[in-house]
Amino acid sequence: METAARIHEEGRARRAMEALHRRQRWNEWLIRIVGAFAILGLWEVFGRQVNPLLFAPPSRIAVAAVQVVGSGELWKYLSVSLKVFAIGTGLGAVSGIFLGVLMARVRVLDLTLEPFVIALYSTPMVALMPLVVIWLGFGDQAKAAVIYLFALFPILLNTYQGVKSVDPKLLEVARSFRSPEWALWWDVILPSSLPFLVAGLRLALGRALVGMVVADLYTAVSGIGYLIVRYAQNIQIDRMLVPVITLSVLGVILVQGLRWLEVRVAPWQHVSHD
């Protein structure tokens, strides 16, 4: 009887906790929705007071978005940019994680490469654009290289810090079972460093989007950056803000998708936050 009562009590407590978490999530979404409508309302009021040649309210942007999307013009230029964005960001993520773990695990590489990594990370990437153009020309290779440089260092530095923060006791236990170095990477180091890796990827996605627009502007008259400049030169502010807002929404979707993936790949991190 006592066991059955205890099980019943634990089940009731678990259900109460789940209901509390559901209410918290609904409250969070309600706050976000109300906040978004409040900001859009203020934007609309302020935008109508400004010269249409200088700014645009959300209502005008929505009308322009229907026209730009309906004509297929937005996707025509965005698809060109997304292709090189995927290539540059993917290569930056893979090489950043690999180099970050390697530097954190090999002392000689750490001492040798750290000053150069910090120096390159501190260098404005726009300053390297002429060099990239001289080496790779004005095509997709140059644009992918620019995005790669923008995305590489946040992932590398966060991975490095994550590996350095791994509990030494976990490594000692793995070594006591004669685990080789490559197995340490997959079984201990990368899972323990996952929060740092995800944080680095979030930063890298935002920087890569910036690099994508910069690459469009400097290396070729194509892509979403070219579309923004063309609308700006024609003083079509409402249309110019359509691709800008599209990039912002794309960044939010990518970051939220990464957060969803983190919950699926490492559910223990999600449980610990709750």
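See the structure printed just above.
Just so we're clear, the structure is a prediction, and the values are computed from it rather than from any experiment. (Residues numbered from 1 in each chain as written. Predicted model: local features only at pLDDT ≥ 70, side-chain atom pairs only at ≥ 80, totals over all residues. Heavy atoms only, no water.)

Visitor: Can you help me understand helix 5 (residues 129–136) in this one?
Guide: Residues that lie three or four places apart on an α-helix share one face, since the helix turns once every 3.6 residues. Listed in full, the buried residues belonging to helix 5 are Met-129, Val-132 and Val-133. Down the axis, helix 5 shows its buried residues gathered within 100 degrees of arc, on one side only. Turned more than 90 degrees off the buried face of helix 5, the exposed positions are Ile-134 and Trp-135. Of the surrounding secondary structure, the elements contacted by the buried residues of helix 5 are helix 6 (140–164) and helix 9 (194–219). (Buried < 20%, exposed > 50% of the residue type's maximum accessible area, 1.4 Å probe, protein only. Helix = DSSP H or I, 4+ residues; strand = E, 2+ residues; numbered from the N terminus. Arc of directions from axis to C-beta. Contact = heavy atoms within 4.5 Å.)

Visitor: I keep staring at the packing of aromatic side chains and nothing clicks. Help me out?
Guide: The geometry of two aromatic rings is summed up by the distance between their centres and the angle between their planes. Considering all chains together, one arrives at 4 aromatic pairs under this definition. Measuring from centroid to centroid gives 5.7 Å for Tyr-77 and Tyr-226, while their planes differ by 45 degrees, and the two rings are tilted. Note that Tyr-77 is positioned in helix 3 (residues 73–105) and Tyr-226 in helix 10 (residues 223–233), a separation of 149 residues in sequence. The class of Tyr-77 is buried, set by a relative accessible area of 13%. In this structure Tyr-226 comes out as partly exposed when scored by relative accessible area, which is 26%. Arranged with centres 6.3 Å apart and planes meeting at 55 degrees, the rings of Tyr-121 and Phe-153 form a pair that is tilted. Pair noted here: Tyr-121 is in helix 4 (residues 107–122) and Phe-153 is in helix 6, with a separation of 32 residues, a long-range link. Aromatic ring contacts, followed pair by pair, group Trp-43, Phe-46 and Phe-55 into a single cluster. Looking at Arg-32, its charged tip hangs above the ring of Trp-29, at a distance of 5.3 Å from the centre. Above the ring of Tyr-231, the side-chain terminus of Arg-230 is found at 5.3 Å from the ring centroid. (Phe/Tyr/Trp six-rings, centres within 6.5 Å; stacked < 30°, edge-to-face > 60°. Lys NZ or Arg CZ within 6 Å of the ring centre and 35° of its normal.)

Visitor: What's the story with a nonpolar patch on the surface in this structure? I'm lost.
Guide: A cluster of nonpolar side chains, Val-126, Leu-217, Tyr-218 and Val-229, forms an exposed patch at the surface whose accessible area comes to about 320 Å². Along the chain, Val-229 turns up in helix 10. Note on Val-229: relative accessible area 30%, which makes it partly exposed. (Patch = residues over 30% accessible without salt bridge, like charges linked within 9 Å, V, L, I, M, F, W, Y side chains within 5 Å. Areas by Shrake-Rupley, 256 points an atom, 1.4 Å probe, with all protein chains shown as cover. Salt bridge = Lys/Arg side-chain N within 4 Å of Asp/Glu carboxyl O.)

Visitor: So what exactly am I meant to see when it comes to the pattern of salt bridges here?
Guide: Two side chains of opposite charge can pair, provided their charged atoms sit close to one another. Under the counting rule described, the total for this entry stands at 8 salt bridges. Across the pair Arg-48 and Glu-44 runs a salt bridge, and its minimum N-O distance is 2.7 Å. Residue Arg-48 and its partner Glu-44 are both found in helix 1 (residues 2–49); the two are separated by 4 residues, about one turn of the helix. Judged by its relative accessible area of 56%, Arg-48 is exposed. By relative accessible area, Glu-44 is classed as buried at 16%. For Arg-107, the salt bridge identified is with Asp-110, shortest N-O distance 3.9 Å. Residue Arg-107 and its partner Asp-110 are both found in helix 4; the two are separated by 3 residues, about one turn of the helix. Note on Arg-107: relative accessible area 54%, which makes it exposed. Asp-110 gets classed as buried once you look at its relative accessible area, which sits at 3%.

Visitor: Explanation requested: the packing of helix 9 against helix 10 in the structure shown.
Guide: The angle between the axes and the distance between the axes are what describe a pair of packed helices. In contact at an axis separation of 7 Å, helix 9 and helix 10 are set at 70 degrees when each is read in the N-to-C sense. Classified by the angle between their axes, helix 9 and helix 10 sit roughly perpendicular to one another. Between helix 9 and helix 10 lies a crossing of right-handed hand. Residue-level inspection shows Met-212, Val-213, Asp-216 and Leu-217 of helix 9 in contact with helix 10, the latter providing Gly-223, Ile-224, Gly-225, Tyr-226 and Val-229. The class makeup of the residues in the contact of helix 9 with helix 10 is 6 nonpolar, 2 polar and 1 charged. (Axes fitted to C-alpha atoms, helices over the stretch in contact; angles between N-to-C directions. Parallel < 35°, antiparallel > 145°, perpendicular 65-115°, else oblique. Left-handed = near helix turned anticlockwise from the far one by under 90°. Nonpolar A, V, L, I, M, F, W, Y, C, P; charged D, E, K, R; others polar.)

Visitor: Can you walk me through unusual backbone geometry in this structure?
Guide: Among all residues save glycine, negative phi is the norm, and among peptide bonds the norm is trans. Here Ile-235, not a glycine, exhibits a phi torsion of approximately 55 degrees, which is positive. If you trace the backbone, Ile-235 turns up in the loop between helix 10 and helix 11 (237–265). Its relative accessible area of 47% is what places Ile-235 among the partly exposed residues.

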